[in-house]
Amino acid sequence: MSINTQQIYEQTLVLRSQLGDEAAFAELLALDGLHLLSFTRHMMRSSPEQVEDLVQEIWLAIYRGLPRLREVARFRSWAFRIARDRIYREYRRRKIPIRPLEEGEMEELPETGETSMALDGEELQRGLDAHSPVHRDVLVLCFFEDMSYEEIARVTETTLGTVRSRIYYARRALKTARERKMI
């Protein structure tokens, strides 16, 4: 895996933040804040104010946990895992059911963030809203955050096979919904 300038910059900010540099943490928030806000917005069916409040909680948890992060190269997946955990905690608090799609036999899928279905952003969001959180999160991380399956597995704390399965069944459900003109 090659590392680019953006990743080096992010890792430098993480290291400086771990040393107590508040300006570096503010830059880190500016760099990754929109991504976490977007992820949270896609995952939650809430008012913008509730989403923003949850994102503030997420960043507070990131700030508090930053000194314990040992692999600065994995900051992004670590931060998204914190966000996912907070979102799922909110689901439990609100008693939002987390039920997976019915899963049968899985076929091989390419490990890319691209989908064979050409969905515009609005169609994809309507399709995401129809999915359970366990399938919605992998789709958002794959298609909106362009994470690899390995990164998604770290964020969701599941195996690579589980990620492949969830993306496969979520894609299949999106395709079925589209064919039925539901999205």
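Residues numbered from 1 in each chain as written. Predicted model: local features only at pLDDT ≥ 70, side-chain atom pairs only at ≥ 80, totals over all residues. Heavy atoms only, no water.

### A word on the environment of Phe39
Quick reminder of the rule: Put simply, DSSP marks the helices as runs of H or I at least four residues long and the strands as runs of E at least two long, and each gets a number from the N terminus on. Type-normalised accessible area, obtained with a 1.4 Å probe on protein chains alone, sets the label of each residue: buried when under 20%, exposed when over 50%, and partly exposed for intermediate values. Contacts were defined at the residue level, with two residues in contact if any of their heavy atoms lie within 4.5 Å.
Tracing the backbone through its elements, the reader meets Phe39 in helix H2 (residues 22-43). In this structure Phe39 comes out as buried when scored by relative accessible area, which is 0%. As for Phe39 and Leu141, which are separated by 102 residues in sequence, their C-alpha atoms are 7.6 Å apart. Leaving out residues up to four positions away in the same chain, Phe39 has contacts with Phe80, Ala83, Arg84, Ile87, Asp137, Val140, Leu141 and Glu145.

### Quick look at the nonpolar core
To keep things clear, this is the line we draw: For our purposes a nonpolar core is just a set of buried Ala, Val, Leu, Ile, Met, Phe, Trp, Tyr and Cys residues, chained together by side-chain atoms within 4.5 Å.
With 46 residues, the main nonpolar core has Leu36, Phe39, Ile62, Phe75, Trp78 and Ile152 as its most contacted residues. Mapped by element, the contributors of at least two residues to this core are helix H1 (5-18), H2, helix H3 (48-65), helix H4 (75-94), helix H6 (133-144), helix H7 (149-156) and helix H8 (160-179). Of all the elements, H4 adds the most residues to this core, at nine residues.

### Side note on the packing of aromatic side chains
To keep things clear, this is the line we draw: Under the pairing criterion, centres of Phe, Tyr and Trp rings, with the six-membered ring standing for Trp, must be within 6.5 Å; the plane angle then separates stacked pairs below 30 degrees from edge-to-face pairs above 60, leaving the rest tilted. Criterion for a charge above a ring: Arg CZ or Lys NZ at most 6 Å from the ring centre, at most 35 degrees from the ring normal.
Overall, the coordinates contain six aromatic pairs when judged by the stated rule. Centroid distance Phe25 to Trp59: 5.7 Å. Interplanar angle 80°. Geometry classified as edge-to-face. One end of the pair, Phe25, is in helix H2; the other, Trp59, is in helix H3, and 34 residues separate them in sequence. Its relative accessible area of 6% is what places Trp59 among the buried residues. Note on Phe75 and Trp78: the rings are 5.9 Å apart at their centroids and 45° apart in plane angle, and the pair reads as tilted. With Phe75 and Trp78 both in helix H4 and three residues apart, this pair spans about one turn of that helix. In this structure Trp78 comes out as buried when scored by relative accessible area, which is 12%. Among the aromatic residues, ring-to-ring pairing joins Phe25, Trp59 and Tyr63 into one connected group. The ring of Tyr88 has Arg84 lying over it, and the distance from NZ or CZ to the ring centre is 4.4 Å.

Functional significance is not addressed by these values, which are geometric in nature.
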